[in-house]
Amino acid sequence: ASTLSQPPLSESDSALLESHHKSSLESLSGLITKAQEEMGDMEVLAAKLTLARYSTKCLDKKQAMDAYEQVIASPKLSTGKKLDAYLEMGRVASFYGDVPAFTDILDKATKVIAKGGDWDRRNRLKAYKATSQILIRDLESASKLLVEGIATFSCTELCDYAEFVVYAVVLGVMYFPRVELKKS
């Protein structure tokens, strides 16, 4: 039997699920408050990220995006952690097919990485930008970013390495000159 043919939730199941989400949000908000009162910045950040990731998995796009905005607004947030939050936020926008928001988030991430950031995060940002270029059908720009990222790919939250190589090869064949393609 297909999981797609399952009947919708009953009203009682829906109410139970909503009650569960409400109690989970209260619990996670309590963790943030406790961390702010009793712990340091790292624990507060961890609690905010836990709430944002829960919102991503279980709630709607607006709640998830708002939770990530709270993470990004945290004081004393390092460049690396801010970039990680932007990339997670970008995945949310991409999942919901919100290409303008995804592009805007990547623009903000680019500004953050310009202030400093390690090579791994720079390479991950390239993979996200390539994904964005594919979504807006700028395949030529995407092909360049994909080929640049093959040797340093570490962005397994987007796709696995083999799938990344397939995208790079297919788009590379379409847009790279033969000589350059052979070198790459």
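As a starting point, this report considers the structure included with it. Since the structure is predicted, the reported quantities are computational estimates derived from the model, not experimental observations.

## A closer look at the pattern of salt bridges
Enumeration over the complete set of coordinates arrives at 11 salt bridges. With a closest N to O distance of 2.6 Å, glutamate 88 and arginine 53 form a salt bridge. One end of the pair, glutamate 88, is in helix H4 (residues 79-95); the other, arginine 53, is in helix H2 (residues 41-58), and 35 residues separate them in sequence. The buried category is assigned to glutamate 88, whose relative accessible area is 11%. Given a relative accessible area of 38%, arginine 53 falls into the partly exposed group. The partner of aspartate 84 in a salt bridge is arginine 121, and the shortest N-O contact between them spans 2.9 Å. With a gap of 37 residues between them, aspartate 84 in helix H4 and arginine 121 in helix H6 (residues 119-135) connect regions that are remote in the sequence. Residue aspartate 84 shares its accessibility class with arginine 121, and that shared class is buried. Ionic contacts of the salt-bridge type, sharing partners, join the residues Asp84, Arg91, Asp118, Arg121, Arg124 and Glu157 into one network.

## Side note on the packing of H2 against helix H3 (residues 61-72)
Their axes nearest at 8 Å, the elements H2 and H3 cross at an angle of 165°. Regarding the angle of H2 to H3, the classification is roughly antiparallel. In this structure, H2 crosses over H3, and the sense of that crossing is left-handed. Residue-level inspection shows Leu45, Lys48, Leu49, Leu51, Ala52, Arg53, Ser55 and Thr56 of H2 in contact with H3, the latter providing Gln63, Ala64, Ala67, Tyr68, Gln70 and Val71. Classifying every residue of the contact of H2 with H3 gives eight nonpolar, four polar and two charged.

## As for the nonpolar core
In terms of nonpolar packing, the biggest core is built from 37 residues, with Met65, Tyr68, Tyr86 and Met89 touching the most fellow members. Of all elements in the fold, only H2, H3, H4, helix H5 (99-114), H6, helix H7 (139-149) and helix H8 (161-175) reach the threshold of two or more residues within this core. Leave out the neighbours within four places in its chain, and tyrosine 86 touches Ile72, Ile105, Lys108, Ala109 and Val112. One finds Leu28, Leu51, Tyr54 and Leu59 within the second-largest nonpolar core, a separate group that totals six residues.

## Some thoughts on H4
For H4, with 17 residues, the first-to-last C-alpha span of 24 Å sits near the 24 Å given by 1.5 Å per residue. Regarding H4, the residues found buried are Gly80, Leu83, Asp84, Ala85, Tyr86, Leu87, Glu88, Met89, Gly90, Val92 and Ala93. Here the buried face of H4 lies against H2, H3, H5 and H6. Looking one or two residues past H4, glycine 97 carries a phi angle of roughly 75°, positive in sign.

## Section: the side chain of arginine 121
Under the relative-accessibility criterion, arginine 121 is labelled buried at 19%. In contact with arginine 121, other than residues within four places in its own chain, are Gly80, Lys81, Leu83, Asp84 and Ile113.

## Points about the packing of aromatic side chains
Scanning the model with the defined rule gives three aromatic pairs in all. Ring centres 5.1 Å apart and planes at 90° place the aromatic pair phenylalanine 95 and tyrosine 96 in the edge-to-face group. What makes tyrosine 96 partly exposed here is its relative accessible area of 39%.

Reading the values: rules and limits
- Every chain begins its residue count from 1, and numbering advances along the sequence as written.
- Predicted model: local features are reported for residues with pLDDT of at least 70 only, side-chain atom pairs are reported and counted for 80 or more only, and whole-chain, interface and lining totals are derived from all residues.
- Only hydrogens and water are set aside when side-chain values are computed; all heavy atoms of the structure are taken into account.
- The term salt bridge refers to a side-chain nitrogen of Lys or Arg lying within 4 Å of a carboxyl oxygen of Asp or Glu.
- In this description a helix means any DSSP run of H or I spanning at least four residues, a strand means any run of E spanning at least two, and both kinds are numbered starting from the N terminus.
- Note on exposure labels: buried denotes an accessible area under 20% of the residue type's maximum, exposed denotes more than 50%, and partly exposed covers the range between, all computed with a 1.4 Å probe on protein chains only.
- Interaxial angle, 0 to 180 degrees, is taken between N-to-C directions of lines fitted to C-alpha atoms, where a helix line uses only the stretch in contact.
- Should an angle fall under 35 degrees it is called roughly parallel, over 145 degrees roughly antiparallel, and 65 to 115 degrees roughly perpendicular, with every other angle called oblique.
- By convention, the crossing between two helices is left-handed when the near helix turns anticlockwise from the far helix through less than a right angle, and right-handed when the turn is clockwise.
- By definition, residues are in contact when any of their heavy atoms lie within 4.5 Å.
- All amino acids are sorted into three groups, where Ala, Val, Leu, Ile, Met, Phe, Trp, Tyr, Cys and Pro are nonpolar, Asp, Glu, Lys and Arg are charged, and the leftover types, Gly among them, are polar.
- Working definition of a nonpolar core: buried Ala, Val, Leu, Ile, Met, Phe, Trp, Tyr and Cys residues. They are joined through side-chain atoms within 4.5 Å.
- Between the first and last residue of a helix there are one fewer steps than residues, each counted as 1.5 Å, and that sum is the expected span.
- Each pair of aromatic rings taken from Phe, Tyr and Trp, with Trp reduced to its six-membered ring, is defined by centres within 6.5 Å and is described as stacked if the planes are under 30 degrees apart, edge-to-face if over 60, and tilted in the remaining cases.

By themselves these figures say nothing about function.
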